[in-house]
Amino acid sequence: MDAVEDIKSRLSIEDVISRYVELKRAGRNFRGLSPFGSEKTPSFMVSPEKQIWHDFSSGKGGNMFSFVMEMEGVDFKGALELLARQAGVDLDQYQRSGSGQRADQKKRLGEALDFAAKFYQAHFKKNQKALYYIFKTRGFSKDTVMAFRIGYSPDTGDSLTKFLVGKGFSLSELKQAGLSTQGYRGTSDMFRGRIMIPLMDPFGSVIGFTARLLNDDAKAPKYINTPQTLLYDKSRHVFGLHLAKEAIRKAGYTVVVEGNMDVIASYQAGVRQVVATAGTAMTDQHLKIIGRLTSDVRLAFDQDKAGLAAAERTIPLAAKADVSLSIITVKDAKDPDELIQKDVKLWQHAIEKPQYALDWLIERHSQQLDISSAQGKRQLSDIVLKVVKQLPDSVEQDHYVTQIAKLLGVSADALRSKLTQTGRSERRAPLRKAATPQQLDKAKVEATKTQNHFLAIMLMQPGLRMYLKGIGQDMMPDAAAQELLAFLVAKPTFSWQENLQNIDPTVHEFAQIVVLLYEELYQSLELLELRYEAAQLQARLISQYVKNKKTRLAAAMRASGEDPALLEQVKQLDELLNTVKEKVNG
């Protein structure tokens, strides 16, 4: 159902879950106390990157919908309605148009945009001015141009429109995709005589374009973007994320710049953990999307008045999004692109030496204001305390209260009083409790945990899949686990590095959950230790299966007497259990 994807695009899983569980950042993930039982050590994990949760104490896991179903005691429809209200999604529009119509519409617009990108690429190769600007003026290589699918829109009025109509698209679809516009002379191309830079979603699909004027004309804006469409939302789109994801994971941080050309220049220079927002308007949605990959976000906006003001506006947003924000000062250049053209080492040095955002804010305003005057002291404390009160850590809050007091020559108690008077801002919605707390079946919980741990090692360590021998689907309590087991048995050489998307969609989410489990518990173990764990888990799975099966057989014999066939099954189970014990003890 397309409504599900719409809700997921508007809500982050950590925000949904934080209404019920107090979460704290733990590297790339969040951690909290299990809502399904009483515990003192947090074992509940949320992965913003994978958009899943897993409770190690109960073995439960899933997405935001399954979590709400567990906590509120509702079915999927109930969870959908609740989350739709939170996201501001009107479910009626999906019901009116039919569940598949909106998805089909998005698919058509995506196909039109992809054709448009190919059309622009073809015309780029033919236009000498466009080639000169990209390869000579900008200095981009052929590989870089291909990676970002850079093109050129001919200044002919309606050539793209005619091309796409010839491909079977309607004028209405082209307008909905932001490719054509209606004027008093009829329908014409949205972009004409411009360098075309495709805007792509995190998976590399074209959702819109940024168009850069090739012939600098004071009467026309230098850059124009695709308008808001069914696919493109300026407030949520992060440029270059599809090419930067892996570099961000490896570096452990991301650099956010102002312009798309800055991203492309940095990519070519080999610094690839760089993304951009549309201009300088960074939103909380941008921060949530980036925060799924890393909590270390470094801003490198242009050094003009607008860029500096935008950096300042981002600081309170970062505090709410629970990311660590720092500011990169680009010296001796107006923007990262210009600095890279001078010397890429200067750019590398700049991004490795950022200044923590609050320190940057204090330094910036202490230079602009007369902090020797009462008015200046008040203005600086107003600006900085507004951010300090949103910091999640009380020790960090106290550090900055003390620092500002020393800088202004006032008492720390006076600043603390001012901080209290203004009130602590709400960072999250009030925590809620489950509608009906569930009594967990201990035996089922243990069986589920054993199943998940075993499959985590089997999925991530192809060299240990000899331990799949003797494990049947009926030994797995959950249907998704049975599907994943069948997949691994059918494809014994499948490697996680190949692509998890190759796993059947019905078990993809469960596979993500066991990957999270593996990363938390087993990733740091040596192969010999993993082999031991796999053997123990295999034995435990079989033992649990034998115990449950014998319990059911005993009940059957009490009801029908000592049936020879049932006795034979008990004997076989005992032999299986003894074999397992001998292997483990041996």
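Check the entry above for the structure.
Before going into details, it helps to say that this report is about the structure given with it. All of these numbers come straight from a predicted model, not from anything done at the bench.

## Details of the side chain of R149
The residue R149 is located in the loop between α8 (142-148) and β6 (151-153) in this model. Using a relative accessible area of 17% as the deciding quantity, one classes R149 as buried. In terms of polar contacts, R149 uses its side chain to reach the side chain of D114, at 3.0 Å. Look past the residues within four positions of R149 in its chain and what remains in contact with it is D114, A117, K118, Q121, M196, P198, M200 and V206.

## Some thoughts on the packing of helix α6 (residues 101-126) against helix α7 (residues 128-137)
Close contact between α6 and α7 brings their axes to 6 Å; oriented N to C, the two are set at 90°. The pairing of α6 with α7 is recorded here as roughly perpendicular in orientation. The residues of α7 that touch α6, namely those facing F124, K125 and K126, are Q128, A130, L131, I134 and F135. Here the residues of the contact of α6 with α7 are counted per class, giving five nonpolar, one polar and two charged.

## Here we look at the sheet that holds strand β14 (residues 296-300)
One open sheet accounts for five strands, arranged β13-β12-β14-β15-β16; its pairing is mixed. Unpaired on one side and paired on the other, β13 (274-276) and β16 (355-356) mark the two borders of the sheet. In the sheet, strand β12 (residues 254-257) pairs with β13 via three bridges, with the strands oriented parallel. What sits directly across from V256, in β13, is V275. Here helix α12 (residues 260-268) sits on the sheet and contacts β12 and β13; the angle it forms with β13, its principal contact strand, is near 165°.

## Focus on the side chain of H242
Secondary-structure assignment places H242 in helix α11 (residues 241-251). Overall, the relative accessible area of 18% leaves H242 in the buried class. Apart from the residues within four sequence positions on either side, H242 is in contact with M200, D201, P202, F203 and G204.

## Some remarks on the sheet that holds strand β1 (residues 24-26)
Spatially, the five strands line up as an open sheet ordered β1-β2-β3-β4-β5, and their pairing is antiparallel. Whereas interior strands pair on both sides, the edge strands pair on one side only; in this sheet they are β1 and β5 (61-62). With four bridges connecting them, strand β3 (residues 44-47) and strand β4 (residues 52-55) associate as antiparallel partners. Bridging across to β4, V46 finds its partner in W53.

## Brief notes about the packing of aromatic side chains
Following the criterion strictly, the structure yields 17 aromatic pairs and no others. For the pair F115 and F169, a centre-to-centre distance of 6.0 Å together with 70° between the ring planes defines the contact as edge-to-face. Taken together, the positions of F115 in helix α6 and F169 in the loop between α9 (159-166) and α10 (171-176) put the pair 54 residues apart, joining distant regions of the chain. Arranged with centres 5.1 Å apart and planes meeting at 85°, the rings of F148 and Y267 form a pair that is edge-to-face. Of this pair, F148 sits in helix α8 while Y267 sits in helix α12; the two residues are 119 residues apart in sequence, bridging distant segments of the chain. For F148, a relative accessible area of 2% corresponds to the buried category. The rings of Y20, F36, F44, W53 and F67 are connected pair by pair, giving a single aromatic cluster. The ring of F115 is capped by K118, whose NZ or CZ atom sits 5.8 Å from the centre of that ring. The ring of Y267 has R272 lying over it, and the distance from NZ or CZ to the ring centre is 3.9 Å.

## Description of the pattern of salt bridges
This structure, assessed with the given rule, holds 22 salt bridges. Among the ionic pairs, D158 bridges to K162, the shortest N-O distance being 3.8 Å. Residue classification places K162 among the exposed residues on the basis of a relative accessible area of 57%. Residues D398 and R416 are paired through a salt bridge, measuring 2.9 Å at the closest nitrogen-oxygen approach. Residue D398 is located in helix α19 (residues 394-408), and its partner R416 is located in helix α20 (residues 412-422); the two are separated by 18 residues in the primary sequence. With relative accessibility at 35%, the residue D398 sits in the partly exposed group. A cluster of three or more residues bridged by salt bridges with shared partners is formed by R28, E49, E246 and R249.

## Here's the deal with helix α13 (residues 284-291)
Within α13, seven of the eight residues are buried, which leaves it mostly tucked inside the rest of the structure. Listed as buried for α13 are Q285, H286, L287, K288, I289, I290 and G291.

## Observations regarding the pairing of strand β2 (residues 29-32)
Where β1 lies against β2, three bridges are found, and the strand directions are antiparallel. For A26, the partnering residue across the bridge sits in β2 and is N29. Joining the antiparallel neighbours β1 and β2 is a turn of two residues, in which G27 adopts a positive phi near 70°.

What counts and what doesn't
- Residues numbered from 1 in each chain as written.
- Predicted model: local features only at pLDDT ≥ 70, side-chain atom pairs only at ≥ 80, totals over all residues.
- Heavy atoms only, no water.
- Helix = DSSP H or I, 4+ residues; strand = E, 2+ residues; numbered from the N terminus.
- Buried < 20%, exposed > 50% of the residue type's maximum accessible area, 1.4 Å probe, protein only.
- Polar contact = N/O pair within 3.5 Å; in protein donor to acceptor, adjacent residues only side chain to side chain.
- Contact = heavy atoms within 4.5 Å.
- Axes fitted to C-alpha atoms, helices over the stretch in contact; angles between N-to-C directions.
- Parallel < 35°, antiparallel > 145°, perpendicular 65-115°, else oblique.
- Nonpolar A, V, L, I, M, F, W, Y, C, P; charged D, E, K, R; others polar.
- Pairing = 2+ DSSP bridges.
- Phe/Tyr/Trp six-rings, centres within 6.5 Å; stacked < 30°, edge-to-face > 60°.
- Lys NZ or Arg CZ within 6 Å of the ring centre and 35° of its normal.
- Salt bridge = Lys/Arg side-chain N within 4 Å of Asp/Glu carboxyl O.

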